[in-house]
Amino acid sequence: LKEIVFVIQSQSNSFHSKRAEDLKRDILKQSADLGKELPTVLLIHQMSGHEGAWTILPLMRDFSVTYSENSSWIFFCEEDTRVQVVKLLETLGRFDVSKEWFLGKALYDEESTIIHHYAFAENPTVFKFPDFAAGWALSIPLVNKLAKKLKSEPLKSDFTIDLKHEIALYIWQKGEGPRLTPVPEFCTDDVNSYKTDHCATTFRNFLPLCGEPVKKEDVFVAVKTCRKFHGDRIPVVKQTWEREAALIEYYSDYADISIPTIDLGIPNTDRGHCGKTFAILERFLNHSSPRIPWLVIVDDDTLISIFRLRTLLSCYDPNEAVFLGERYGYGLGTGGYSYITGGGGMVFSRRAVQKLLASKCRCYSMDAPDDMVLGMCFSGLGIPITHSPLFHQARPVDYPKDYLSHQIPISFHKHWNIDPVNVYFTWLAPNTEEPQKGKKVGHNREDL
């Protein structure tokens, strides 16, 4: 057991760091109960001041230098992964630790997708990448090889979009490195499922609830739109999730009383929308009730469950500067920053908006990418962004079915080549049964 280094993919926000600490305690308790020497358990957010620590590859050198002498495995998991230590020992014991191993639960794309830059377009099912929720492991010989490679060849891509896919690509090295070896004992079934007897890992697949969901009136929803989309995108919002929002305003370049939209006096830009987003932030701070703790900014083609978002927000302290959504990275190999990608929805506590606007950090141009500028600003302020995999920058078809099967999603984005109303009622509407894998699965667990 002392040859396994456990790495929990943790975050510094107080809610998430507590969950990671609970998991660490559980792993150490199971180890103590076995009467064995305790393993090393690391929390990523405590490991380094490096902004890109969550992307894991920059940590390989540290792992290699610190642990290659006395360890055989680096085992990674998420804060909601549950580990059966005895079964994990048995599972890893099947593999020759002198070889390069990349182990995990395999996911694959059924069709090539924009979030993976249309990789393996001929047959995307051939390339497997790990579901982080099930845990995944690297043998020390592979860690050493990656550390050496990263020293001579720094990471090329500017953007980190889907980390699990990008790590698998980097390890594979166009066929020169190992492929992912699927391990059936790495599971994402719920810990209470009858299917988990053989599992070394399970996953707490529910929407966290930390008390009563926040009140409808505590969430202000801002929808970014423009005149050319009033006729096709706004009717979708009105048919789907608008009724879930008590406080909602539509911001456009044209005041249309039939919707109604508000003209912020910011001309529409084809891309970026930074000027519009900062105008929304100023309006929220200066013109909404100071008692409203939460702001959500979405695109007019974002599909979102405000009902589930209110449940999730019960876990966060609005007195903290919280900036929440799906995390991407820019230039993290060379000291860049993380940001919340706008299409899945960006959630701000009022405290975060206050700190941001007090800082004087602003758009460098009206059509700068708003989500990236916000990431840069918050990074400069030392305010970490908070990632939730329940927000999605793309459509359900862009993700592996097996990945979505252990989620209760909060948002999807884009109306392209789908029926957005159907997507909303299939995946996001409160109290619906959502078809998955050909059978009905009740996803209204958040009501319990």
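These numbers were taken from a predicted model, which means no experiment stands behind them.

Student: A description of the sheet that holds strand 15 (residues 294–299) should follow, citing residues and the corresponding values.
Tutor: With mixed pairing, the seven strands of this open sheet are ordered in space as 14-13-12-15-20-17-21. Every other strand in the sheet has two partners, leaving strand 14 (261–263) and strand 21 (386–387) as the edge strands with one partner each. Sheet analysis places strand 13 (residues 247–252) next to strand 14, joined by three bridges and oriented parallel. Of the residues in strand 14, the one forming a bridge with Y250 is T261. Where helix 8 (residues 274–287) meets the sheet, its contacts fall on strand 12 (219–224), strand 13, strand 14, strand 15 and strand 20 (346–349), and the angle it forms with strand 15 comes to roughly 155°.

Student: How would you explain helix 11 (residues 370–380) if you had to name every residue and give the values?
Tutor: Taken across its eleven residues, helix 11 has eight buried, putting it largely inside the fold. Here helix 11 has its buried residues at D370, D371, M372, V373, L374, G375, C377 and F378. Taken from the residues just after helix 11, G382 is the one with a positive phi, measuring 75°.

Student: Provide a residue-level description of the sheet that holds strand 9 (residues 159–160), including the pertinent values.
Tutor: Strand order in this open sheet of three strands is 9-18-19, and the pairing throughout is antiparallel. Strands at the two margins of the open sheet, each flanked by one partner only, are strand 9 and strand 19 (337–340). In terms of strand pairing, strand 9 meets strand 18 (residues 327–330) through two bridges, oriented antiparallel. The partner of T160 across the bridge, within strand 18, is G329. Packed onto the sheet, helix 11 meets strand 9, strand 18 and strand 19 and runs at close to 130° relative to strand 19.

Student: Could you give an account of the packing of helix 8 against helix 11, with specific residues and numbers?
Tutor: Interhelical geometry of helix 8 versus helix 11 gives an angle of 60° and a closest axis separation of 8 Å. The orientation of helix 8 with respect to helix 11, classified from their angle, is oblique. In contact with C274, T277, F278 and L281 of helix 8, helix 11 contributes D370, V373, L374 and C377. Classifying every residue of the contact of helix 8 with helix 11 gives six nonpolar, one polar and one charged.

Student: Would you mind going over the side chain of S305 in detail, with residue names and values included?
Tutor: Mapped onto the elements, S305 comes out in the loop between strand 16 (302–304) and helix 9 (306–313). A distance of 3.0 Å separates a polar atom in the side chain of S305 from the backbone nitrogen of R308. There is a polar contact of 3.5 Å between the side chain of S305 and the backbone oxygen of L428. Once residues lying within four places of it in the same chain are set aside, the contact partners of S305 are E244, I410 and L428.

Student: I'd like a description of the packing of aromatic side chains, backed by residues and values.
Tutor: Per the counting criterion, the structure on display carries 23 aromatic pairs. Each ring, one from W73 and one from F95, has its centre 6.3 Å from the other, and the planes form 80°; the classification is edge-to-face. Here W73 is found in strand 3 (residues 73–77), whereas its partner F95 is found in the loop between helix 4 (85–92) and strand 5 (102–104), with 22 residues between them in sequence. Both residues of the pair, W73 and F95, belong to the buried class. An aromatic cluster is present here, built from F63, F76, F102, F132 and W136 joined pairwise through their rings.

Student: Go over the packing of helix 8 against helix 10 (residues 350–358) with me, naming the residues and quoting the values.
Tutor: For the pair helix 8 and helix 10, the least separation of the axes is 10 Å and the interaxial angle reads 115°. Along this stretch, helix 8 crosses helix 10, giving a crossing that reads as left-handed. For the pair helix 8 and helix 10, the contacting residues are F278, L281, E282, F284 and L285 in the first and R350, V353, Q354, L356 and L357 in the second. Looking at the contact of helix 8 with helix 10, its residues break down into seven nonpolar, one polar and two charged.

Student: Which residues make up the domain arrangement of the protein, and what values do they have?
Tutor: Accessible area lost upon the coming together of the parts is a frequently used measure of interface size. Considered domain by domain, the protein is made up of domain 1 (4–203) and domain 2 (216–428). Computed from C-alpha atoms alone, the centre-to-centre distance between domain 1 and domain 2 is 30 Å. Listed by partner, the interface residues are 31 residues for domain 1 and 30 residues for domain 2. For domain 1, the biggest contributors to the area lost against domain 2 are Q11, E51 and W54; these three give 20% of the whole. The interface formed by domain 1 and domain 2 holds two salt bridges in total.

Student: Residue-level account of the pattern of salt bridges, with values.
Tutor: On inspection of all chains with the given rule, the structure shows 24 salt bridges. Its salt-bridge partner being K18, residue D22 comes within 3.0 Å of it at the nearest N-O pair. Of this pair, D22 and K18 both sit in helix 1 (residues 14–33), four residues apart, which is roughly one turn of that helix. When its relative accessible area of 29% is taken as the criterion, D22 is described as partly exposed. Members of the salt-bridge network, linked through shared partners, are R19, E79, D80 and R204.

Student: Tell me about the nonpolar core, and please be specific about residues and values.
Tutor: Generally speaking, soluble globular proteins have nonpolar side chains that are buried together. M60, F63, F76, L138, W241, L313 and Y316 are the most contacted members of the largest nonpolar core, which has 83 residues in total. In this view, L313 contacts V214, V219, W294, L324 and V347; residues no more than four positions away in its chain are not counted. Of all hydrophobic cores here, the second largest spans 26 residues; its members include F220, A222, Y251 and I340.

Student: Hey, could you go over the UniProt feature "domain: Fringe-like glycosyltransferase" (unreviewed entry) in the protein for me, with residue numbers and the actual values?
Tutor: Under the feature "domain: Fringe-like glycosyltransferase" (unreviewed entry), the UniProt entry names residues 64–151 and 213–422. Along residues 64–151 the backbone is 27% helical and 22% strand, and the end-to-end C-alpha distance reaches 12 Å. Within the segment residues 213–422, helix and strand shares are 26% and 21% respectively, and the terminal C-alpha atoms sit 26 Å apart.

Student: Let's hear about unusual backbone geometry: which residues, and what values?
Tutor: For the bond running from I259 to P260, omega is -10°, close enough to zero to count as cis. Residue H117 is not a glycine yet carries a positive backbone phi of 50°. One can find H117 in the loop between strand 6 (106–107) and strand 7 (129–130). Exposure remark for H117: the relative accessible area of 57% places this residue in the exposed category.

Thresholds applied
- Residues numbered from 1 in each chain as written.
- Predicted model: local features only at pLDDT ≥ 70, side-chain atom pairs only at ≥ 80, totals over all residues.
- Heavy atoms only, no water.
- Pairing = 2+ DSSP bridges.
- Helix = DSSP H or I, 4+ residues; strand = E, 2+ residues; numbered from the N terminus.
- Contact = heavy atoms within 4.5 Å.
- Axes fitted to C-alpha atoms, helices over the stretch in contact; angles between N-to-C directions.
- Buried < 20%, exposed > 50% of the residue type's maximum accessible area, 1.4 Å probe, protein only.
- Parallel < 35°, antiparallel > 145°, perpendicular 65-115°, else oblique.
- Nonpolar A, V, L, I, M, F, W, Y, C, P; charged D, E, K, R; others polar.
- Polar contact = N/O pair within 3.5 Å; in protein donor to acceptor, adjacent residues only side chain to side chain.
- Phe/Tyr/Trp six-rings, centres within 6.5 Å; stacked < 30°, edge-to-face > 60°.
- Left-handed = near helix turned anticlockwise from the far one by under 90°.
- Domains from an automatic or database assignment.
- Buried area = accessible area lost by both parts, 1.4 Å probe.
- Salt bridge = Lys/Arg side-chain N within 4 Å of Asp/Glu carboxyl O.
- Core = buried A, V, L, I, M, F, W, Y, C linked by side-chain atoms within 4.5 Å.
- UniProt positions renumbered as here; feature names shortened; annotations may be inferred.

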